[in-house]
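Geometric and topological summary
Take a look at the letters that make up each chain.
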Amino acid sequence: MVTTETFRISSHLKDIIGRDLVTNEFVAIFELVKNSFDAGATRVDIEFDPKNDSIAIVDDGRGMTATDIRDKWLFVAYSEKALIEPEDYRDKIKPAGQFAGSKGIGRFACDTLGRKLELYSLTASDTSIVKLEIDWTLFEKNSSEEFQHVDVTLSAEQSFPAIYNAEPPSSHGTVLLIKNTRQHWDEENIKKLRRDLAKLIDPFGTTKHIAVSTWLVDESRDLIEGVDGAVGNEIGDLLREKTSRIEVIIDGGVIETTLFDRGRKIYATREPSPYEELAECRVDGHIYFLNRSAKQTFTVRMGVRSIQFGSVFLFLNGFRIFPIGEEFDDTLGLNRRKQQGQARYLGTRDLIGRIDVTARPRLFREVSSRDAGLIEDARSRALFDAIKKQMIFRLERYVVGVNWQDGRDQDRDTSEGLDTDKARERVLAVVGSLARSKDIEILYYDENLVRVSDDPDQVTDSALKAMSELAENQGNSGLLQQVEDARRRIEELKSSRQEAQATAQRAMEERQRADAIIARLEQQAAFLGSSRDVDVERVQLLMHQATIHLGHIRSAIANAAHEVRGLLSTATTSGVVEVDDVEDLLASIRQSARRTSVSIASANLSGERLRTVLSFAPNIRVDLETDKVHGDLLRFLKEYFEVRLVNVPGMPTASFEASGLVLDKEFSPVDIAVLVDNLLDNARKAKASKIEFVASRKGPHSVVIKVTDDGLGIDERKVDAAKIFERGYTGSTAGTGLGLYSVRQILEGMEGSIELIGDRSRADFAITISGVVS
């Protein structure tokens, strides 16, 4: 036999979904206040009367009829809210470690608070008040009794019960009178409750349409600070005072923007709105940037990390649009953008905020699932564009341009870091960029920040330019005068500084010249410090070296004399000169004078070079060569090039590259000087502009030095390349035939060699010298 049966429900269910589930009295009140919000209440009063062991919760919501109470309130687990709304953001904010309850059973929080309940409710369409009475202890007598068989009473009343501090509902609302309270409510417990309630009312403290107040009935009837009155929002204070934030209103075709930095108002602007699609609605935005300090404080006060709490929430006519602002939501594309530049852009983890849109029905439409945001159309695209460009990006410009430029700002919870000249300049750059736009009107700016520094060194051209643009935007003559005064001080400072720099530069040049002379003497002392008698052939070689330099002197003097004769000839043959020819004559004289000066300088330099050669002989005897020294030959060559051969007019530019090698051996410094000077002089005769000596390793015990220049090379029609190293052979009628011969002799004496390499279009040589190479 088959029968149909049904579940039976024990009266013990009351405890399971009541006190066993909502175990904390704060959570219980939290749930009941949420129900008032869901009933559309604009005010909720919670009155504690310890003397009578009662709690009264009064709201001005829609109220309930007897039918509503019978068919909905007494219908266990029934909730209209559960049928039409997704999880509300408020459920994320709860006392740490507590469970806020499930949808449709929040009414059983009354059992957690007291043993008896009297519910009074009035709707706008009713004339009498509905009263529901419940004795929760009746459900606890016998668990075998079925839940639905425990009676509750429903009746009508003409007035609400007496409330000491709160006003009873006038035309609609509900009063929950909880009697025989299970907890003792004193000042300290009520203060803790107020801190939790502050999280429920408005996470950001930006809306004022719901007022929640608590009251403690005592004999004094005096208001107790922190216990009686409206509940404030501590996190709202945090966000206002500890963050950089922007407040934007888009309404009536106008955008008004105000930016604050940790409670300090930085600027306010007004501009026409470019968003025609938003003309029929109002958009209010509050966006906050949380630095490291603000994030830590947020976590402590809210019991949840800011990134877990969410980012920028969107509300349409007071209702949250999901999932915008959720932890992993990136509807605005901020995280994708931040990946392109971590140090340039803000992401969702940096921001918290609320956007409230007020619009007529169906102007913006939600996706039917109610958890996928707004349907994309022209208005929603314009809205998101306005949120990004007018709110987030403008806040970002300030945060990145001002806050992030100061590494220590991440740990500050005040605006003290703005009171430096560098920070003021950064703020000025941001405000100045706004002033450059002809459409933006600057309504306010912090004059203590946006001003010219008293220190001219701290004032830049860009700062003055931004200041001028701001002054012009404002029509502020006083600010313009500040700019002009600053420019005058800067010019005076610049003039004084240039004069001081010129004096310092002259002193530095004198010091450098003295240091160079000392360095040269030290170089000479290192390699040219001893002498002895030399043989006749060495004397002949040294005399050849002197002849080279004497030839330079003779040539320079002859050139100078020629120019002087030309000047004299011009002066004696010109006769009467027309006025129009005076300039040409003077120009000719000046040109000849310059050439004469160059020739004289050349002669002087050649004389210096001759003295340099002769300086190898410290006395009048035939002691014209120093003793051989033992050391790094490549280092000596480098020093010789740097000391003797730098910036020699009329001679090729000479350079030596040791390539990081060391050639340790015994050598004669004067022989090396003669070798180099002969090769340099030959390059000059070949019209070379530069000559290079580059060393490289050739096996384990020798170095090859390649000598190259950009001269004319060897004319094989006039010169026999096979004979150029022979004594007395020369390709020039004015030559002695000793230059390259001397080079070969010196190298052979050092167990080295020289050879002509490459084609004859260039006169390139390879010098090989043995020694200890490293």
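Everything below is about the structure shown above.
For the structure given in this document, a descriptive report is provided here. (Residues numbered from 1 in each chain as written. Predicted model: local features only at pLDDT ≥ 70, side-chain atom pairs only at ≥ 80, totals over all residues. Heavy atoms only, no water.)

Observations concerning the overall build of the chain
Per the secondary structure count, the chain includes 19 helices and 24 strands. Expressed as a percentage of the 774 residues in the chain, the buried residues total 47%. Pairs at least 24 residues apart make up 73% of the contacts formed inside the chain by residues separated by at least 6 positions. Put simply, the chain shows about 39600 Å² of open surface, and 50% of that area lies on carbon and sulfur atoms. (Helix = DSSP H or I, 4+ residues; strand = E, 2+ residues; numbered from the N terminus. Buried < 20%, exposed > 50% of the residue type's maximum accessible area, 1.4 Å probe, protein only. Contact = heavy atoms within 4.5 Å. Areas by Shrake-Rupley, 256 points an atom, 1.4 Å probe, with all protein chains shown as cover.)

Looking at the pattern of salt bridges
By the definition in use, this model includes 36 salt bridges. The closest approach of N and O atoms between Asp681 and Arg684, which form a salt bridge, is 3.1 Å. Of this pair, Asp681 and Arg684 both sit in helix H18 (residues 669–685), separated by 3 residues, roughly a single helical turn. Residue class for Asp681 comes out buried when judged on its relative accessible area of 4%. Looking at Arg684, the relative accessible area reads 28%, which means it is partly exposed. (Salt bridge = Lys/Arg side-chain N within 4 Å of Asp/Glu carboxyl O.)

Comments concerning the sheet that holds strand S6 (residues 173–181)
The mixed open sheet is built from 8 strands, whose spatial order is S5-S4-S3-S6-S2-S1-S7-S8. Only two strands of the sheet have a single partner each, and these edge strands are strand S5 (153–157) and strand S8 (229–230). Those strands touched by helix H2 (residues 25–38) are strand S1 (43–49), strand S2 (54–59), S6 and strand S7 (211–216), and its axis lies near 150° from that of S1. Lying on the sheet, helix H3 (residues 66–73) is in contact with strand S3 (114–122), strand S4 (129–135) and S5; it crosses S4 at an angle near 35°. (Pairing = 2+ DSSP bridges. Axes fitted to C-alpha atoms, helices over the stretch in contact; angles between N-to-C directions.)

Here we look at the sheet that holds strand S17 (residues 629–632)
Hydrogen bonding along the main chain pairs the strands of a sheet, whether they run parallel or antiparallel. If you walk across this open sheet you meet the 3 strands as S17-S19-S24, and the pairing is antiparallel. Edge positions in the sheet fall to S17 and strand S24 (772–773), since each has one partner strand and no second. One ladder, built from 4 bridges, connects S17 with strand S19 (residues 663–667); its direction is antiparallel. Along S19, the bridge assignment pairs His630 with Glu666.

Notes on the packing of H18 against helix H19 (residues 739–749)
Where H18 meets H19, the axes come as close as 9 Å, and the angle between the chain directions of the two elements is 145°. Crossing handedness for the pair H18 and H19: left-handed. Residues Asp671, Val674, Leu675, Asn678, Leu679 and Asn682 of H18 touch H19, and the partners they reach there are Gly739, Leu740, Ser742, Val743, Ile746 and Leu747. A per-class count over the contact of H18 with H19 returns 7 nonpolar, 4 polar and 1 charged. (Left-handed = near helix turned anticlockwise from the far one by under 90°. Nonpolar A, V, L, I, M, F, W, Y, C, P; charged D, E, K, R; others polar.)

Examining the side chain of Thr768
Relative to the elements of secondary structure, Thr768 occurs in strand S23 (residues 764–770). Of the residues examined, Thr768 reaches a relative accessible area of 14% and is grouped as buried. Once residues lying within four places of it in the same chain are set aside, the contact partners of Thr768 are Lys698, Ser702, Val703, Val704, Gly752 and Ser753.

Structural notes on the nonpolar core
If you look at the biggest cluster of nonpolar residues, it comprises 50 residues, and the most contacted ones within it are Ile287, Leu314, Leu351, Ile355, Val357, Phe364 and Leu383. Top element by residues in this core is helix H11 (residues 378–403). It accounts for 12 residues. One finds Leu661, Val707, Ile724 and Leu740 within the second-largest nonpolar core, a separate group that totals 48 residues. (Core = buried A, V, L, I, M, F, W, Y, C linked by side-chain atoms within 4.5 Å.)

Quick word on helix H12 (residues 421–435)
Here H12 spans 20 Å end to end across 15 residues, near enough to the 21 Å set by a 1.5 Å rise per residue. Among the residues of H12, those classed as buried are Ala423, Arg424, Arg426, Val427, Leu428, Val430, Val431, Gly432, Leu434 and Ala435. (Expected span 1.5 Å × (residues − 1).)

Examining the pairing of S19
Because side chains alternate across S19, one face comprises the buried residues Leu663, Lys665 and Phe667, and the other comprises Asp664 and Glu666, none of which is buried. With 2 bridges connecting them, S19 and S24 associate as antiparallel partners. The residue bridging Asp664 from the neighbouring strand is Val772, located in S24.

Comments concerning the side chain of Asp409
For Asp409, the location among the structural elements is in the loop between H11 and H12. With residues up to four places along the chain from it excluded, the contact list for Asp409 reads Arg262, Asn291 and Asn403.

Describing the environment of Ala654
Looking at where Ala654 falls in the secondary structure, it is placed in strand S18 (residues 653–657). The sequence separation of Ala654 and Phe693 amounts to 39 residues, and the corresponding C-alpha distance is 7.9 Å. Those residues within four positions of Ala654 in sequence are excluded, and the remaining contacts are Phe641, Leu645, Leu680 and Ile691.

A short note on the environment of Leu637
With respect to the secondary-structure elements, Leu637 resides in helix H17 (residues 633–644). Distance in space between the C-alpha atoms of Leu637 and Val676 is 8.8 Å, their sequence separation being 39 residues. With sequence-adjacent residues up to four places away left out, Leu637 is seen in contact with Phe656, Ile672, Val676 and Ile705.

Some thoughts on the packing of aromatic side chains
Aromatic ring pairs: the centre-centre distance and the angle between the two ring planes describe each pair. Counted according to the given criterion, the structure contains 12 aromatic pairs. A centroid spacing of 6.1 Å and a plane angle of 25° characterise the contact between Phe636 and Tyr640, whose relative ring orientation is stacked. Here Phe636 and its partner Tyr640 are both found in helix H17, 4 residues apart, which amounts to about one turn of the helix. A relative accessible area of 6% places Tyr640 in the buried class. Residues Phe641 and Phe693 carry aromatic rings whose centres are separated by 5.0 Å and whose planes lie at 70° to one another, so their mutual orientation is edge-to-face. (Phe/Tyr/Trp six-rings, centres within 6.5 Å; stacked < 30°, edge-to-face > 60°.)

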